[in-house]
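Spelled out from the first residue to the last, the chains are:
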Protein chains: 2
Amino acid sequence: MPSNKGVIFKAIPDGYPVIGEHIELVTREIDIKNFPLADGDILIKNQYLSLDPYMRSRMRDPHVESYVDAFKLGKVLEGHGIGTVVKSNNKKYQVGDHYHGFIGWEEYTHIPENAISGDEGLEKEISKSELPKSHFLGLLGMPGFTAYIGLNKIGKPKKGETIFISAASGAVGQVVGQIAKIKGLCVIGTAGDDSKIKYLVNELKFDGAFNYKTCNTDEELTKLCPNGIDIYFDSVGGETLDIVLGHLNTNARVVACGMISQYNTKNPYGVKNLMNVVTKRLLIQGFIVLDHYHEMEPFQKEMREWLKQGKLKYKDDIVEGIQNAPEAFLNILTGKNFGKAVVKIC
Amino acid sequence: MPSNKGVIFKAIPDGYPVIGEHIELVTREIDIKNFPLADGDILIKNQYLSLDPYMRSRMRDPHVESYVDAFKLGKVLEGHGIGTVVKSNNKKYQVGDHYHGFIGWEEYTHIPENAISGDEGLEKEISKSELPKSHFLGLLGMPGFTAYIGLNKIGKPKKGETIFISAASGAVGQVVGQIAKIKGLCVIGTAGDDSKIKYLVNELKFDGAFNYKTCNTDEELTKLCPNGIDIYFDSVGGETLDIVLGHLNTNARVVACGMISQYNTKNPYGVKNLMNVVTKRLLIQGFIVLDHYHEMEPFQKEMREWLKQGKLKYKDDIVEGIQNAPEAFLNILTGKNFGKAVVKIC
């Protein structure tokens, strides 16, 4: 029988999840031929699994409400993924069709009819597209859409303005920076590794970038943003946000996309420079991309046009095998990934 | 010769200004008859001076840029005020006319033509109105307009929502609460004195209020806002803001009007609960009422209508004599005032 290795949620972490203690690989088998499917159900052979920082917030006590449900203890972790249908009791899906939606961190996922979240438009695209399939989990998937919505709806970029992007070589940051370049902004980014900085400047043509681990953020911003910052696309929060507040211009916007520096601590950083919000009429706004899925069409259209014109690049960070998913996920939380983290399952 | 006592800016304070050290009363005289006026200038006998928290931010190093100029060392402090013209070289102003604009903290102010900031519409209103003149510095002046703009443009109140207001019996807070009541919101406020709490509940008909000095803010908000908070009208910042962040609903708005808890310290409070901005899609927005003066007309119209209908009350806290202005100003910073602080100069 084929194996169906998976990663389960074993215990709630306080800080960084520990492999074996909080998330654990389990070895199982699956009998595809005799696998029981109720009316409307499908069985998916998973190909690609997207790993994203927000997953850390699902590793919590289920009594704490949030915008997305907590993972269930003892059950397989979930995420966006791409697979092919290997068994179907659902009229919409034939064996061999692509599935693009929520899957488990496992080799095969059984999806009951009421849990099918597949995006039909994207599934057809995946089948006929020449792009790497992983791009549909990154550049053209949730992270790319997050960049597009956050930048346009909250950032409201205007030609000639300066944008600063943290986690700039990450799944979202690299898209934000390239769209901002297309729109005529001065684009400055930060990341935690010199190879990432080279990528931002040489490949993505950022106007400036620095390694926050080896440079002084305050000094670099003074140097690289002499006219101040109009938009801060924030994926890290904490001390970086605190420093940036002092460099923002009047009427600047902070796109609060994530705060990864605060996900693995019980002692959050205290942000001291909020007085700038009043004196500089700042806007700080959070958003959840799930609220905007009805606006997917203009995103897909505009991104494909830019892709065709050669205006967009995208770096995926692909690890092979579901058994490597736990470590790859930890690498996101510590910034060791380089580009959009994707697990190639088969 | 008539006296022209005034209060000068003597030195830049780090924390709370000290009378005699940072701001000081000086005794002077004025020869009105022989007072030299250039073409276009006017001389005002001051009647009412508005004292407002933002003045603390003007007591700074002039090299630090902000939305309003620093006070000039050695010169008389400034503020919004009402006076009557006693000498005029300006066609627009006759002796005896009212002046409503920036004046000095002094008995008489010489206003050069290029510094005349009088609001002609309001000046005519003041002359014919039966309302207390002080109301034109509070309810119908800058603080009332601040309440109106902040609540409507950033708070975007909807019937049935819950609003929480800090410094709720202050110049701005009492207007915010009453407009919110008119619009059908559940209105909860906080202030630092039991007599203020009684006023909020008994006179202004707030749905709930508590003394933050004697109660636990977190517990009171849990009790008084069982459905969470949709709008936080923030004039204090710091720890209160931090606690409120935990009580905000999804898509809540924080109207960042002021942060008085942070004006007199070099060690600002570190706000730890900003993760809520992302998970609850919060909006935190600062504003400066000066940016909105072109929108004064609907404010004046709507407020007068509500006043006529008996829907608005307003508590002024009037001290007599310019010599008492320094202490009255310190009372604002420490929360000892009760209502809108105004100095009746003559």
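All values reported here derive from a predicted model rather than from experimental measurement.

**Overview of the UniProt feature "domain: Enoyl reductase (ER)" (unreviewed entry) in chain A**
Part 1: According to UniProt, the feature "domain: Enoyl reductase (ER)" (unreviewed entry) maps to residues 20-343 of chain A in the numbering used here.
Part 2: Helix makes up 28% of residues 20-343 of chain A and strand 24%, with an end-to-end C-alpha separation of 19 Å.

**A few points about the relation of the copies chain A and chain B**
Each of the two chain copies goes to the other by way of a rotation about an axis and a shift along it.
Part 1: It takes a turn of 180 degrees to lay chain A on chain B, together with a shift of 0.0 Å along the axis; the resulting RMSD is 0.0 Å. Both copies are brought into coincidence by an operation consistent with a two-fold rotation axis. No C-alpha of chain A approaches the rotation axis more nearly than that of G270 of chain A, which lies at 1.8 Å.
Part 2: Comparing interface residues between copies, 100% of those in chain A also sit at the interface in chain B, which points to an isologous, same-surface contact.

**Notes on the domain arrangement of chain A**
Much of the literature gives interface size as the accessible area that the parts lose upon coming together.
All names here are of chain A.
Part 1: By the assigned domains, chain A splits into domain 1 (6-137 + 315-344) and domain 2 (142-290).
Part 2: Using only C-alpha atoms to locate each centre, domain 1 and domain 2 end up separated by 29 Å.
Part 3: Opposite the 20 residues of domain 1 that make contact, domain 2 presents 16 residues.
Part 4: Roughly 1,500 Å² is buried in total at the junction of domain 1 and domain 2, and carbon and sulfur atoms are behind 62% of that figure.
Part 5: Remark: the boundary between domain 1 and domain 2 carries one salt bridge.
Part 6: Residue K266 pairs with D14 through a salt bridge whose shortest N-O separation is 3.6 Å.
Part 7: Inspection of the region where domain 1 meets domain 2 yields five residue pairs in polar contact (both at pLDDT 80 or more).
Part 8: If one sorts the elements of the side of domain 1 that touches domain 2 by residue count, helix 10 (residues 325-334) sits on top with three residues.
Part 9: Taken together, the residues that form the side of domain 1 that touches domain 2 break down as nine nonpolar, six polar and five charged.

Definitions and cut-offs
Residues numbered from 1 in each chain as written. Chains lettered and ligands numbered in written order. Predicted model: local features only at pLDDT ≥ 70, side-chain atom pairs only at ≥ 80, totals over all residues. Heavy atoms only, no water. UniProt positions renumbered as here; feature names shortened; annotations may be inferred. Helix = DSSP H or I, 4+ residues; strand = E, 2+ residues; numbered from the N terminus. Least-squares fit on C-alpha atoms with pLDDT ≥ 70 in both. Contact = heavy atoms within 4.5 Å. Domains from an automatic or database assignment. Buried area = accessible area lost by both parts, 1.4 Å probe. Salt bridge = Lys/Arg side-chain N within 4 Å of Asp/Glu carboxyl O. Polar contact = N/O pair within 3.5 Å; in protein donor to acceptor, adjacent residues only side chain to side chain. Nonpolar A, V, L, I, M, F, W, Y, C, P; charged D, E, K, R; others polar.

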